[in-house]
Amino acid sequence: MNDSVAIVDGGFQVSVKASAVGRFWAAFFFLTAVIAVGISWVSPSMGWWFPGDGVAHSKLGREIDDLFHLILVIVSVTFIGTQVALGYVLWRGATIKPEEKALFSHGSHTLEVIWTIVPSGILLFIALYQMEVWAQYRMIKSSPKSTEPIAEVTARQFEWRIRYPARGKVLKADPQPDDVYTVNELHVPTGRSVSISLKTEDVQHSFFVPELRVKQDAVPGNTIPVWFTVTDPRMYEMVCAELCGWGHYKMKARVFAESDEDFDAWKARIAAEQFEDGFKKAAEAE
Amino acid sequence: MAVGFAVLLTVGCGQGPQAQFSVRDTTEELLSPAQKAVKKALDDGFGTPHELVAWQRLPVNYGGVHGAVGEVLADGKGITAKWEGDAAGVTAGAPLLWISGARAAESTSVDSVGSFDAKTKTLTWSGAAEPAPAAGDKLVIGFGQTLKTGRMVYMKNCMHCHGVAGDGAGPTAKYLNPLPRDYRSGVFKFTSTLTPEKPTRDDLTRVVKYGIPGTYMPSFLWLGGKETESVVEYVRWLSMRGEFEKRLDDDLSGDFSQKAIEESAEKALAEFKAAKADEKPEKPRSAGDLKKEAVAKFTNETDGYEKTEFPGVIDDTANFLAQGWTHGEDPESLILPSVPRVPDDAASRERGRRMYLSDKGKCYTCHGIQGRGDGAATEDFWKKPGSDEVYERRGLHDAWGHPLMPRNLTLGQYRGGRRPLDVFRRIYAGIKGTPMPGFGRTALKDEEIWDVVNFVMSLQYQSAPAPAKPAEHVAESK
């Protein structure tokens, strides 16, 4: 059997070793796709998936995850479909008999129209479908009406300095005498929509709480509101997600989501500590 | 090509230079035998960054599990005994340090934990069989663990600014303003103790945990309890090491400093040249001669300084440091106000403002009439301490010789903490190593300090003052 085939292309004769090499590449590209799908399939069970326990702990975060899953399904179907087609075409080309005639589809108007319209349709669908979530995430008009500003978070090289209004007071843009302060420790109440005013003292930073699916750049000169509704009272990691200098890795902080009572009790405690005058201690020591 | 690529990939990898404790300039200026003696004393007392020495005379919590020997069991498999102490932290291979009993006297034996059964609390150790321990002998397992952990944390997070020896000259230090603290003088700025006292562990822990706003010292709140505790201990130890070196240098630099000898020889020569011929003064001796003489005086086999006096100096310095750092932790060194904070009302602030502008407080001379840190003192040329020379730059300087701006009190930035207690302490005891003096005990009563605290803490919230005639404010207070 003849194992090479001559293709006449533009007057030049190109000799292609058809059998072994061609089959190898067909198998190679097909297997690559199979391995990629396999790894993705086992990822969630191996802990190579979403941060923390794999579940979003904010209301909007769940919707963002749903969007992610929807897009994942769409791209998975597309990926598997195109890889199977690619594998088939490669295999078919590698095993083609010399006497068989190749089918030329190049320049097919119908095909071009199909693969322009189908992806456009999919993209348009995604663009329209995610609009609501995007608006809720980024547009003040669509933010929950009852959102309460709870703190001003100021990033600086290389820490987060946080200012809260006193118990029962409203957060003001300018510091107030009874404000309370923490560093690298953001306390928030759970179950209702709250917001922070994000600022930076020096360069760009980014406020990122992976388990809440909240990420927002802090831009010099701007005060940017970031709102979210934490669903579970727990501790969450909070990091800087914008390379901000040599100490970027030090900007590790924590978010403590608490019930309203605990949040209130914490604020009372921290305020007492902050307005400590040392006299009671002196009395105790004696 | 592949080789070239591999080489390119690994450029910059591999072992860096070994970490070393830097040596003070004043040590470098000593005559070589004196320099060697100081370095040897440092090596004996503190070791190197790779081989730390835990000098037990210093009040450092070096770490380890303290306990005692219970019943001694003889089962033929080495030395076995019941362990009376915490089971956590006892691991096979951990070094064992005897504190009392026959084995403590035998300083040569190096013991380590062979095996440990946590359930029965049975401990087997390796080491010489004799002398046998007795029930009740005290020992520490894993001695030095805290210092080791501290070194690890320090090298990872602190060294690049504060330097291996705590000299504030790490590789990133030169990019910072203000410069990172040089611990080697044993002086820390933000403390809760009286003016001459060392900081407490709590003070250093607060700085590590909450950082210093307005400087590059960030918060290390999430380092973890054990790591924070260890790094604080390590910084205390580094500070003791630095001050030990400084004090030895101070002792030796009078007689055994190359620089001092050269300078005095030059001066004498200049005087000789300036003298008139008919006075016929004796030709002064050369610096080389003087140095030789000083070296002989230091190294003499029978009555040389190194043999006779220096061991005593080392001893006294260690005692001095131990006392200082122990006394810092003493409750009586802690500043606590004798009266509660005076209610923060308009009247108190007004009293505080008058005190701020008075000749008794004189706060305005540095911090400015409006509290903006632009007082007249920032325009003066100040003398260097202990000399007639003035600093090259206008304005105040700290004990490390760096220019220093008085705090702008209108920013609401509190480097030493924003609790009223912190501000009270700043005014009561001043800020160590800076021209900020302490007003407590002598100049101001505690009530008066509280008035000033109330005034100072209100400055941030005042609306920008109208461009009035500042002279008026001064006139009012008189």
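> Is there a simple way to think about the overall build of chain A in this case?
Scanning chain A from N- to C-terminus turns up 6 helices and 12 strands. At 29 Å, chain A has a C-alpha radius of gyration far larger than the 19 Å of a compact globule built from 286 residues. Counting only C-alpha atoms and orienting by the principal axes, one finds that chain A spans roughly 105 × 40 × 35 Å. Contacts spanning at least 24 positions in sequence make up 66% of the contacts within chain A whose residues lie at least 6 apart.

> Even after reading the chapter, I still don't get the overall build of chain B, so can you show me in this structure?
The helix and strand inventory of chain B stands at 17 helices and 8 strands. Considering chain B as a whole, with its 478 residues, one finds that 34% of them fall into the buried category. Taking the intrachain contacts of chain B between residues at least 6 apart in sequence as the baseline, contacts between residues at least 24 apart amount to 66%.

> Help me understand the sheet that holds strand E11 (residues 235-240) of chain A, please; the structure alone is not making it clear to me.
Strands in a sheet are paired, the pairing made by backbone hydrogen bonds, and the direction either parallel or antiparallel. Residues and elements named next belong to chain A. Read across the open sheet, the 5 strands follow the order E6-E12-E11-E8-E9; overall the sheet is mixed. One side of each edge strand has no neighbouring strand; the edge strands of this open sheet are strand E6 (185-189) and strand E9 (214-218). In this sheet, neighbouring strand axes are inclined to one another by 20° on average, regardless of whether the strands run parallel or antiparallel. Pairing of E6 with strand E12 (residues 253-258) involves 5 bridges; the strand directions are parallel. Bridging from a neighbouring strand, Pro-189 pairs with Glu-258 of E12.

> Please explain the domain arrangement of chain A as it appears in this structure.
Interfaces are often sized by the accessible area lost when the parts come together. Its domain assignment divides chain A into domain 1 (4-103), domain 2 (110-142) and domain 3 (143-285). Taken together, the contact between domain 1 of chain A and domain 2 of chain A spans 6 residues of the former and 6 residues of the latter.

> Would you mind showing me how to read the environment of A:Ala253 here?
All names here are of chain A. Among the structural elements, Ala-253 can be located in strand E12. Exposure remark for Ala-253: the 25 C-beta atoms within 10 Å place this residue in the buried category. The spatial distance from the C-alpha of Ala-253 to the C-alpha of Val-183 is 8.3 Å, given a sequence separation of 70 residues. What Ala-253 contacts, discounting residues up to four positions off in sequence, is Trp-160, Asn-184, Glu-185, Leu-186 and Met-238.

> Would you mind showing me how to read the sheet that holds strand E1 (residues 65-73) of chain B here?
All names here are of chain B. Taken together, 6 strands build a closed barrel; the order of strands is E1-E2-E5-E4-E3-E6 and the barrel is antiparallel. The sheet shows a mean angle of 45° between the axes of neighbouring strands, taken without regard to direction. In this structure, strand E4 (residues 111-117) lies alongside strand E5 (residues 122-126), joined through 5 bridges in antiparallel fashion. Each bridged residue has a counterpart across the sheet, and for Ser-115 the counterpart in E5 is Thr-124.

> Even after reading the chapter, I still don't get the pairing of strand E4 (residues 159-164) of chain A, so can you show me in this structure?
The two faces of the sheet receive side chains in turn, since in a regular strand these alternate between them. Residues and elements named next belong to chain A. Most of E4 sits inside the fold, with 5 of its 6 residues counted as buried. The pairing of strand E3 (residues 148-156) with E4 spans 5 bridges and is antiparallel. Residue pairing across strands places Thr-154 opposite Arg-161, the latter belonging to E4. Once E3 ends, the chain turns through 2 residues before running back antiparallel as E4. Summarising the sheet, E4 and strand E5 (residues 180-183) pair through 4 bridges and their orientation is antiparallel. Residue pairing across strands places Arg-161 opposite Val-183, the latter belonging to E5.

> Explain unusual backbone geometry here, please?
Working note: non-glycine residues mostly have negative phi, and peptide bonds are mostly trans. Residue and element names in this part refer to chain A. Here the residue pair Gln-157 and Phe-158 is connected by a cis peptide bond, since its omega of 5° sits within 30 degrees of zero. Inspection of the secondary structure assignment puts Phe-158 in the loop between E3 and E4. In the Ramachandran plot, Arg-213 falls in the positive-phi region, its phi being about 60° despite a non-glycine side chain. Within the fold, Arg-213 resides in the loop between strand E8 (205-209) and E9. Its 21 C-beta neighbours within 10 Å are what place Arg-213 among the buried residues.

> Sorry if this is basic, but what is going on with helix H5 (residues 145-157) of chain B here?
In an α-helix, one turn spans 3.6 residues, which is why side chains three or four residues apart end up on the same side. Given a rise of 1.5 Å per residue, 13 residues ought to cover 18 Å, and the 18 Å separating the end C-alpha atoms of H5(B) matches this to within 8%. Looking at the buried residues of H5(B), the elements they touch are helix H6 (159-162) and helix H8 (225-256) of chain B.

> Can you help me understand the interface of chain A and chain B in this one?
Facing 23 residues of chain A, the contacting portion of chain B comprises 23 residues. Secondary-structure elements contributing two or more residues to the side of chain A that touches chain B are E4, E5 and helix H6 (279-285) of chain A. Of the residues forming the side of chain A that touches chain B, the biggest block, 4 residues, is contributed by H6(A). Considered class by class, the residues forming the side of chain A that touches chain B number 10 nonpolar, 4 polar and 9 charged.

> Mind showing me how you'd approach the packing of H8(B) against helix H12 (residues 310-329) of chain B here?
When two helices pack together, their arrangement is given by the angle between the helix axes and by the axis-to-axis distance. All names here are of chain B. Contact geometry for H8 and H12: axes closest at 10 Å, N-to-C directions at 140°. Taken together, H8 and H12 sit at an angle that is classed as oblique. Seen from above, H8 lies across H12 with right-handed handedness. Residues Arg-236, Met-240, Glu-243, Phe-244, Arg-247, Leu-248 and Asp-251 of H8 touch H12, and the partners they reach there are Val-313, Thr-317, Leu-321 and Trp-325. Here the residues of the contact of H8 with H12 are counted per class, giving 6 nonpolar, 1 polar and 4 charged.

> Would you mind going over the environment of B:Lys291 with me for this structure?
All names here are of chain B. Locating Lys-291 in the fold gives a position in helix H10 (residues 287-299). For Lys-291, a count of 17 C-beta atoms within 10 Å translates into the label partly exposed. Residues contacting Lys-291, with those up to four places away along its chain left out, are Leu-31, Gln-258 and Ile-261.

> Is there a simple way to think about the pairing of strand E3 (residues 95-98) of chain B in this case?
All names here are of chain B. Here E3 runs beside E4; their pairing, made up of 2 bridges, is antiparallel. For Leu-96, the partnering residue across the bridge sits in E4 and is Asp-111. When E3 meets strand E6 (residues 138-141), the two strands line up antiparallel, connected through 3 bridges. Paired with Leu-97 across the strands is Val-140, a residue of E6.

> Would you mind going over the nonpolar core with me for this structure?
Here is a general trend for soluble globular proteins: nonpolar side chains tend to be buried in one another's company. Residues and elements named next belong to chain B. Formed by 59 residues in total, the largest nonpolar core has its most connected members in Ala-34, Val-38, Leu-139, Val-231, Tyr-234, Val-235 and Phe-256. Looking at this core, the element that brings in the most residues is H8, giving 11 residues. Composition of this core by domain shows at least three residues from each of domain 1 (19-51 + 147-334) and domain 2 (65-143). Those residues in contact with Ala-34 that lie beyond four places of it in its chain are Leu-252, Phe-256 and Phe-298.

> I would appreciate a short explanation of the confidence of the model for chain A in the present structure.
Reading fine detail from the predicted coordinates is not recommended where pLDDT is low. Residues with a pLDDT of 70 or more make up 91% of chain A, whose mean pLDDT is 89. Ranking the elements of chain A by mean pLDDT puts strand E2 (residues 12-17) of chain A last, at 47, and E8(A) first, at 97.

> Before we go on, may I ask you to explain the packing of helix H13 (residues 346-357) of chain B against helix H16 (residues 446-458) of chain B in this structure?
Residue and element names in this part refer to chain B. Across the interface, H13 lies against H16 with an axial gap of 7 Å and an inter-helix angle of 95°. Considered as vectors, H13 and H16 are oriented roughly perpendicular to each other. Where H13 approaches H16, its residues Ser-348, Arg-349, Arg-351, Gly-352, Arg-353, Met-355 and Tyr-356 are matched on the opposing element by Glu-448, Asp-451, Val-452, Asn-454, Phe-455 and Ser-458. When its residues are assigned to classes, the contact of H13 with H16 shows 4 nonpolar, 4 polar and 5 charged.

Conventions adopted
- Residues numbered from 1 in each chain as written.
- Chains lettered and ligands numbered in written order.
- Predicted model: local features only at pLDDT ≥ 70, side-chain atom pairs only at ≥ 80, totals over all residues.
- Helix = DSSP H or I, 4+ residues; strand = E, 2+ residues; numbered from the N terminus.
- Rg over C-alpha atoms; globule rule 2.2 N^0.38 Å.
- Contact = placed C-beta atoms within 7 Å.
- Buried ≥ 20, exposed ≤ 12 C-beta atoms within 10 Å, placed from the backbone.
- Pairing = 2+ DSSP bridges.
- Axes fitted to C-alpha atoms, helices over the stretch in contact; angles between N-to-C directions.
- Domains from an automatic or database assignment.
- Expected span 1.5 Å × (residues − 1).
- Nonpolar A, V, L, I, M, F, W, Y, C, P; charged D, E, K, R; others polar.
- Parallel < 35°, antiparallel > 145°, perpendicular 65-115°, else oblique.
- Left-handed = near helix turned anticlockwise from the far one by under 90°.
- Core = buried A, V, L, I, M, F, W, Y, C linked by C-beta atoms within 7 Å.
- pLDDT = per-residue confidence, 0-100.

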